[in-house]
Amino acid sequence: MNSKNTRFNHREFQCQLSYGELAGMIWGNPSNCNNNPVLALHGWLDNANSFAPMAPFLLDVTPEIVAVDLPGHGHSQHRAPGSRYHLVDYVFDICEVIEQLKWEQMTLIGHSLGAGIACLLAVARPDRIRQLILIDGIGPLSSPSYQVAQQLKQSLSMHLRLHSRLSQQSYPDWDTLIKRRANAGDLSNRSAELIVQRNAEDNHNKITWKADPRLKLLSPFYMDEQQVLECLLQIQIPVCLIKAQHGLLAKRPNTAARIAAIPDITVIELPGGHHLHMDSPESVADRIIRFLN
């Protein structure tokens, strides 16, 4: 693994979208970008660096991998004051990225939140996406219809208390923040360090998060489960779901029904937690390569 990571260094990626500047990371050779390139979408409060451990192994089957920092994450610009972070807005953002990359077709990889976005993209733009790879995520979060009113109230209350509730906490050193991120996400310190490197900064000897605090606010609306299933039924491309034995999907009662809803899906269960693509990158990459081949 170390030799591959040394050999394949990344380049920074920037593009101007309608909301602002979006950043990311690129591995591989863009001159071959029409030969099944890969677009990778990270999870909530992660960033493009979450694909750094796995990306070098995937260059055996794709000439180029672009991993984006979703708006408000990593090096990407925050949304304008007064704006919100809604799941569907990410779908529009990534559609703009696809247009700027000028890829005719691609493989889409999504982890967690990125998997939810990827599923909606596969429904909205089936002409541009050749295959879909989901890592411990399948479709967007949902909530029962009877909770809609209460969720709207809670979300509005959080937004009104934004400035007093979500001030950026500072940490005395990098190690403290890395350990906190590792404990919160049940991932290794090395994986947490990669996320922290791109999501935090040193401000006058105090370490603070760069990620937009508004990302922590409750969404005013989720789809209900039937709406999610209807979207999954419309995915007409091959899908590979990599499910962590000790991840989030293993704990969710709707996982089996969501898997059954996708017409063409291969399910692979691997040891590890929610960030298994970071903690066990070679094993996850090997299964992805088998699927792509």
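Rules of the game
- Residues numbered from 1 in each chain as written.
- Predicted model: local features only at pLDDT ≥ 70, side-chain atom pairs only at ≥ 80, totals over all residues.
- Heavy atoms only, no water.
- Helix = DSSP H or I, 4+ residues; strand = E, 2+ residues; numbered from the N terminus.
- Contact = heavy atoms within 4.5 Å.
- Patch = residues over 30% accessible without salt bridge, like charges linked within 9 Å, V, L, I, M, F, W, Y side chains within 5 Å.
- Areas by Shrake-Rupley, 256 points an atom, 1.4 Å probe, with all protein chains shown as cover.
- Salt bridge = Lys/Arg side-chain N within 4 Å of Asp/Glu carboxyl O.
- Buried < 20%, exposed > 50% of the residue type's maximum accessible area, 1.4 Å probe, protein only.
- Axes fitted to C-alpha atoms, helices over the stretch in contact; angles between N-to-C directions.
- Parallel < 35°, antiparallel > 145°, perpendicular 65-115°, else oblique.
- Left-handed = near helix turned anticlockwise from the far one by under 90°.
- Nonpolar A, V, L, I, M, F, W, Y, C, P; charged D, E, K, R; others polar.
- Pairing = 2+ DSSP bridges.
- Expected span 1.5 Å × (residues − 1).

Regarding the environment of Gln151
- Its location among the elements puts Gln151 in helix H5 (residues 148-160).
- Counting along the chain gives 51 residues from Gln151 to Gln100, while the straight-line C-alpha distance between them is 36 Å.
- Not counting residues up to four positions away in its chain, the partners in contact with Gln151 are Ser143, Leu218, Ser219, Pro220, Phe221 and Tyr222.

So, a nonpolar patch on the surface
- A surface patch of nonpolar side chains, amounting to about 250 Å² of accessible area, comprises Val148, Leu152 and Phe221.
- Topologically, Val148 is positioned in helix H5.

Here we look at unusual backbone geometry
- Notably, Asp186 is not glycine yet its phi reads approximately 55°, a positive angle.
- Along the chain, Asp186 falls in the loop between helix H7 (174-185) and helix H8 (189-199).
- A relative accessible area of 55% places Asp186 in the exposed class.
- The residue Asn205 is not glycine, and still its phi comes out positive at about 65°.
- Along the chain, Asn205 falls in the loop between strand S8 (200-203) and strand S9 (206-209).
- Using a relative accessible area of 67% as the deciding quantity, one classes Asn205 as exposed.

Side note on the packing of H7 against H8
- The contact between H7 and H8 brings their axes to 8 Å, and the two run at 110°. By the criterion of interaxial angle, the relationship of H7 to H8 is roughly perpendicular. The way H7 lies across H8 gives a crossing that is right-handed. Contacts between H7 and H8 involve Trp174, Leu177, Ile178, Lys179, Arg181 and Ala182 on the former and, on the latter, Asn189, Ala192, Glu193, Ile195 and Val196.
- Here the contact of H7 with H8 is composed, by residue class, of seven nonpolar, one polar and three charged.

Considerations on the pattern of salt bridges
- A full pass over the atoms with the stated rule returns 12 salt bridges.
- Where Arg181 meets Asp46, a salt bridge forms, and the shortest distance between an N and an O atom there is 2.5 Å. Residue Arg181 is found in helix H7, and its partner Asp46 is found in the loop between strand S3 (38-41) and helix H2 (55-58); the two are separated by 135 residues along the sequence.
- Arg181 sits in the buried class, given a relative accessible area of 11%.
- Take Asp46: its relative accessible area is 1%, and that puts it in the buried class.

Observations regarding the pairing of strand S1 (residues 11-16)
- Bridge analysis of S1 against strand S2 (residues 21-28) gives six bridges, and the strand direction is antiparallel. Residue pairing across strands places Cys15 opposite Leu22, the latter belonging to S2.

Topic: the sheet that holds S9
- With respect to topology, three strands assemble into an open sheet ordered S7-S9-S8, the strand pairing being antiparallel. On the outer flanks of this sheet lie strand S7 (170-171) and S8, each paired with one strand and no other.
- In this sheet, S9 lies alongside S8 in antiparallel orientation, the contact comprising four bridges. Within the sheet, the bridge partner assigned to Glu201 lies in S9 and is Thr208.
- In the packing of H8 onto the sheet, the strands contacted are S8 and S9, and the crossing angle to S8 comes to about 60°.

Remarks on helix H4 (residues 113-124)
- Between the first and last C-alpha of H4 there are 17 Å, a value that for 12 residues agrees with the 16 Å anticipated at 1.5 Å per step.
- Burial analysis of H4 places 10 of its 12 residues in the buried class, the great majority of the element.
- Listed as buried for H4 are Leu113, Gly114, Ala115, Gly116, Ile117, Ala118, Cys119, Leu120, Leu121 and Ala122.
- On its buried face, H4 is in contact with S3, helix H3 (87-101), strand S5 (106-111), strand S6 (129-135) and helix H9 (225-233).

Topic: the sheet that holds S1
- The strand order S1-S2-S4-S3-S5-S6-S10-S11 describes an open sheet built from eight strands, whose pairing is mixed. In this open sheet, the two strands that pair with only one neighbour each are S1 and strand S11 (265-270). Each strand of the sheet is rotated relative to its neighbour by a mean of 20°, with strand direction disregarded.
- Relative to strand S4 (residues 64-68), S3 runs parallel, the two being bridged by four bridges. Across the sheet, Leu41 pairs through a bridge with Val68, a residue of S4.
- On the sheet, H3 packs against S1, S2, S3, S4 and S5 and is oriented at approximately 110° with respect to S1.

What to know about the pairing of S3
- The two faces of S3 match: Val38 and Ala40 on one face and Leu39 and Leu41 on the other face are all buried.
- Sheet analysis places S3 next to S5, joined by four bridges and oriented parallel. The residue bridging Leu41 from the neighbouring strand is Gly110, located in S5.

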